[in-house]
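# What the coordinates show
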Amino acid sequence: MTEGRRHEPVTLGEIKELAEVGRPTVSNWRRRHASFPEPVGGSESKPLFDAEEVGRWLDERPVPDGEPHSDGTLPTYGERFRDGLRLRRLVTFGHGRLGPDELIVRALAVAAMEGEGGGSLAESLPAGLLADFDAADAELLRTVRELIAELGSTGAAAEAVLKLAGRLQSDLAMDATPRPVVELIQALAQPVLSTGEPVAVLNLCAGAGDVLLALDVVGGENYVAAVEPDALRRTVLSYRLLAHWSAEEMVVCTAPEDLDGVWLPTVHPAVSGTQGFPPADLVVADPPYASGEQERDEEGPLKWALEAARRLGEDGQALVVVPSWTLSRPRGMTGTANTRMREYLLKSGAVEAIIQLPRRIHTFRTGAEHALLVLRSTWRPPASPHALLIDADRLARRVGDAWQRNVVGLLGSTATPVPQEAQRVRVDTSGPGSSYLLDGRSLLPAHRLASPEKGLDHFAATVEARQNAYVALPHLKQWIGDLGVGKREERAEHFKVGGQLRAGQLRLLPGHRIRESDIGDAGVPVIGREEMLGALPFGRRRIMLEELAAYPQAQMTEQGDVFLLTEHGVRTQVDDAGGCVLLAPVQGLRIAAYRRYLMELAEGETSHPESLWMRPHALARLLAAPRNQQRGSGSLVRRVSVKDMDLPQLPVEEIADLDAVLAETERHRADVRRQLAALDALAERLAAGVADGDLRLRQRPDRDPGP
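Owing to the predicted nature of the structure, the values given are computational and were not obtained by experimental measurement. (Residues numbered from 1 in each chain as written. Predicted model: local features only at pLDDT ≥ 70, side-chain atom pairs only at ≥ 80, totals over all residues. Heavy atoms only, no water.)

With that settled, the discussion passes to helix α11 (residues 179-193). In this model α11 runs 20 Å from its N-terminal to its C-terminal C-alpha over 15 residues, within 8% of the 21 Å that 1.5 Å per residue would give. Of the positions making up α11, those classed as buried are Val181, Val182, Leu184, Ile185, Leu188, Ala189 and Val192. Those residues of α11 hidden inside the fold are in contact with α12 (210-215), β6 (280-285), β7 (312-323), β8 (351-356), β9 (370-376) and α18 (403-412). (Helix = DSSP H or I, 4+ residues; strand = E, 2+ residues; numbered from the N terminus. Expected span 1.5 Å × (residues − 1). Buried < 20%, exposed > 50% of the residue type's maximum accessible area, 1.4 Å probe, protein only. Contact = heavy atoms within 4.5 Å.)

So this is what it looks like as structure tokens:
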């Protein structure tokens, strides 16, 4: 039955596994499509199918959510199925006597020795290669050699072997650089690599070599080196590269300082016969760090960025992937090792651009965000004291898969970009009220980029909104008509909420975590996500003071505090009475001078309005303005940082007028809500009575029902 066939017949279960679909999908394919291959053996309960026929049939079915190929075509289930067929024997080894990492290393050793390594001198081969090759048994040797013959090269066979990492749940797959990031680095590095001159390329924290292979720089007169601290990844990197290229064309080191002791061969004429790696034309790095890891350690992720900048030649470029938390942590009073390294990069003029990568770009690190630092040499002062901030996450939502091309265009253009997606920001201050990067705040583009709504005339839009309200609410015509709206002669400056928090003008009230069993319908109001989203009315959920005593950190709100929910935008609400408890993730903002203002009013004293720089209703509405709505970050839940929101600098009398208008608007909105609630309650009771068969409704004949 198997004579003349390249692969053994497969069962329905094996088709499911090899094509990476569910069993119902395979059953549906067979039941609904008459063209599905007929069995070639087996039994009625366990039929066997020709693997090559199944592969050809699956070639006609693209994977709907698959990552497109470089030519824009979608991968097919047939490609997945064939990949699985090639690796089926290796997967069997992995589930047997060999561990996943050990299997991958031995299979790569076979591919490396079958390639250029087989003809190299023993002393030029990576340490341990011969031992790993000798440890591969006859079955593994035969399987890898068949893979090489089928795919046509040892390099292609090595790439197929590395796909086992995901199938066998190896950590090697979890730290792989995502394909979209590799493509972005490749596009940004192209101007450096396409000059026609020999280049020196250094890959710091190279992992398994995903970026280095994509750059395709090994060979000819280029000089290339890689640094990888982890022993397993260093071994995989060496064998993988050896399967593609000659052993003499690569240097792989354990630490950056080892580069200073390497002897350069004659492949790089400009520096041949010298010791130590030359200043690089291109440095790339993708260190595998999780959120908050080693924030206070001098060996944190930004260490690789510092090393990359130090290793650059005069006209060199560095591209370093970092976790976004390294950019978003504020400096605070004392700072950390991370913030000190970050400020050094800025002060030295090394930062050319900060690119916030699209969220969920890492398949295995779904809760982490990443950014790409574009660094330049510090050998000479930069021509511009600015750094370009690019929010590629927002860009990707607008242009889809073309976001890498747009990022490359932004870096190469001198035109003014869309302000919400990219802006050039000064590194150091240029005067009072100006925005600059060395102010100790977050550098994340999502936190920094804000601008007036594009193409909107606020005066015309406000006049139109007032006219619509005038028509819709005839009983408020007098109040709406008296509302004066005018254009400001000069645009107001802005300041950050974080600065007011540090100065004590505002106080941040954290939300608390309270057990659901302690929340009832009596006691003080509890304000959580449900209330802010409108799913529950304010005041329905409450907690008794006796139960609240079990949470000593819980604080009660005061009159004039502002509730904030900053998930997927910003929602605010003014506490007109006080005495509420906030549930995380809801937070509160308190205007420090507002309590004294209320006390003076209660005692009949003349208040000093100049001391009240902000008022509750004005604060709530200004925080929820569109310029603050889009500052969110976070891979799973988009949250807006309160400290990175901004407010306009307005005279106290304008703030007082704005607050009065907004307070009156809120009062009218509350009246309308009560009317709507009463109508909703009436409709609900009528429908309930009729549904239960107790009521009969009719229109009185002497009443005009109206239009």
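For Ala107, the location among the structural elements is in helix α5 (residues 100-114). Using a relative accessible area of 0% as the deciding quantity, one classes Ala107 as buried. The sequence separation of Ala107 and Thr143 amounts to 36 residues, and the corresponding C-alpha distance is 8.9 Å. Among residues more than four places away in sequence, those in contact with Ala107 are Leu140, Val144 and Val161.

Scanning the model with the defined rule gives five cavities of 30 Å³ or more in all. Volume-wise, the largest cavity comes out at about 160 Å³. Lining the largest cavity are 17 residues; nearest its centre among them are Asp175, Cys205, Ala206, Gly207 and Ala208. Each residue belonging to the lining of the largest cavity can be placed in one class, and the counts come to eight nonpolar, four polar and five charged. What the second largest cavity holds in volume is close to 40 Å³. Taken together, Leu327, Arg342, Leu345, Leu346, Val351, Ile354, Leu373 and Leu443 make up the lining of the second largest cavity. The set of elements that each furnish at least two residues to the lining of the second largest cavity consists of α16 (337-347) and β8. Per-element accounting of the lining of the second largest cavity gives the leading share, three residues, to α16. Residues that form the lining of the second largest cavity fall into these classes: seven nonpolar, no polar and one charged. (1 Å grid on protein atoms, 1.4 Å probe; cavity = no way out; pocket = protein on both sides within 12 Å on 5 of 7 lines; lining within 4 Å. Points joined across faces, edges and corners; volume = space filled by probe spheres on them. Nonpolar A, V, L, I, M, F, W, Y, C, P; charged D, E, K, R; others polar.)

Reading across the sheet, the three strands line up as β15-β14-β18 and stay open at both edges, with mixed pairing between neighbours. With one partner strand each, in any of the chains shown, β15 (542-543) and β18 (581-582) form the two edges of the open sheet. Pairing of strand β14 (residues 524-527) with β18 involves two bridges; the strand directions are parallel. Within β18, the position partnered with Ile527 by the bridge is Leu582. (Pairing = 2+ DSSP bridges.)

What follows covers helix α28 (residues 652-691). Side chains three or four residues apart in an α-helix point the same way, a direct result of the helix having 3.6 residues per turn. The terminal C-alpha atoms of α28, which comprises 40 residues, lie 57 Å apart, in line with the 58 Å expected from a rise of 1.5 Å per residue. For α28, the set of buried residues is Ile655, Asp659, Leu662, Glu666, His668, Ala670 and Gly689. Remark: Gly693 follows α28 within two positions and exhibits a positive phi of approximately 80 degrees.

On the surface, Leu676, Leu679, Leu682, Leu686, Val690, Leu695 and Leu697 cluster together into a nonpolar patch covering about 630 Å² of accessible area. With respect to the helices and strands, the residue Leu695 is situated in the segment after α28. For Leu695, a relative accessible area of 42% translates into the label partly exposed. (Patch = residues over 30% accessible without salt bridge, like charges linked within 9 Å, V, L, I, M, F, W, Y side chains within 5 Å. Areas by Shrake-Rupley, 256 points an atom, 1.4 Å probe, with all protein chains shown as cover. Salt bridge = Lys/Arg side-chain N within 4 Å of Asp/Glu carboxyl O.)

The N-to-C vectors of helix α17 (residues 392-399) and α18 enclose an angle of 125 degrees; their axes lie 9 Å apart at closest approach. One way to sum up the angle between α17 and α18 is to call them oblique. Where α17 crosses over α18, the two elements pack in a sense that is right-handed. Across from Ala392, Leu395, Ala396, Arg398 and Val399 in α17, the residues of α18 making contact are Trp403, Asn406, Val407 and Leu410. Looking at the contact of α17 with α18 residue by residue, the classes come out as seven nonpolar, one polar and one charged. (Axes fitted to C-alpha atoms, helices over the stretch in contact; angles between N-to-C directions. Parallel < 35°, antiparallel > 145°, perpendicular 65-115°, else oblique. Left-handed = near helix turned anticlockwise from the far one by under 90°.)

Geometrically, the link from Ala584 to Pro585 is a cis peptide bond, its omega value of 15 degrees lying close to zero. In this fold, Pro585 is placed in the loop between β18 and β19 (587-591). Located in the positive-phi region is Glu20, a residue other than glycine, with phi close to 60 degrees. Within the chain, Arg360 stands out as a residue other than glycine whose phi angle is a positive 55 degrees. Structurally, the position occupied by Arg360 is in the loop between β8 and β9.

Assignment of secondary structure puts Thr254 in the loop between β5 (251-253) and β6. Overall, the relative accessible area of 38% leaves Thr254 in the partly exposed class. Taking the C-alpha atoms as reference points, Thr254 and Asp230, separated by 24 residues in sequence, lie 7.7 Å from one another. Once you skip the residues sitting within four places of it in the chain, Thr254 turns out to touch Val227, Glu228, Pro229 and Arg234.

This part is about the packing of helix α7 (residues 138-151) against helix α8 (residues 154-162). Axis angle and axis distance: for two packed helices, these are the angle between their axes and the distance between the axes, and together they describe the pair. Between α7 and α8, the least distance of the axes is 8 Å, while the angle of their chain directions is 120 degrees. One finds that α7 runs oblique with respect to α8. In the packing of α7 onto α8, the handedness of the crossing is right-handed. Contacts between α7 and α8 involve Leu147, Ile148 and Leu151 from the first element and Thr154, Ala156, Ala157, Ala160 and Val161 from the second. Of the residues contributing to the contact of α7 with α8, the split by class is seven nonpolar, one polar and no charged.

With that out of the way, let us pick up the nonpolar core. By size, the foremost hydrophobic cluster in this structure holds 44 residues, and its most contacted members are Leu202 and Leu373. If one sorts the elements of this core by residue count, helix α14 (residues 302-310) sits on top with five residues. Setting aside anything within four residues of it in sequence, one finds Leu202 in contact with Ala225, Val227, Leu259, Phe277, Ala280, Leu282, Val283, Val284 and Arg311. Residues Val182, Val224, Ala392 and Ala422 belong to the second largest nonpolar core, which totals 42 residues. (Core = buried A, V, L, I, M, F, W, Y, C linked by side-chain atoms within 4.5 Å.)

What follows deals with the sheet that holds strand β16 (residues 562-565). The strand order across the open sheet built from four strands is β13-β19-β16-β17, with neighbouring strands paired in antiparallel fashion. Of all strands in the sheet, those bounded by a partner on one side alone are β13 (506-509) and β17 (571-574). In this sheet, neighbouring strand axes are inclined to one another by 25 degrees on average, regardless of whether the strands run parallel or antiparallel. Sheet strands in contact with helix α26 (residues 616-623) are β13, β16, β17 and β19, and its direction is about 175 degrees off that of β17.

All we've got here are geometric facts, nothing functional implied.
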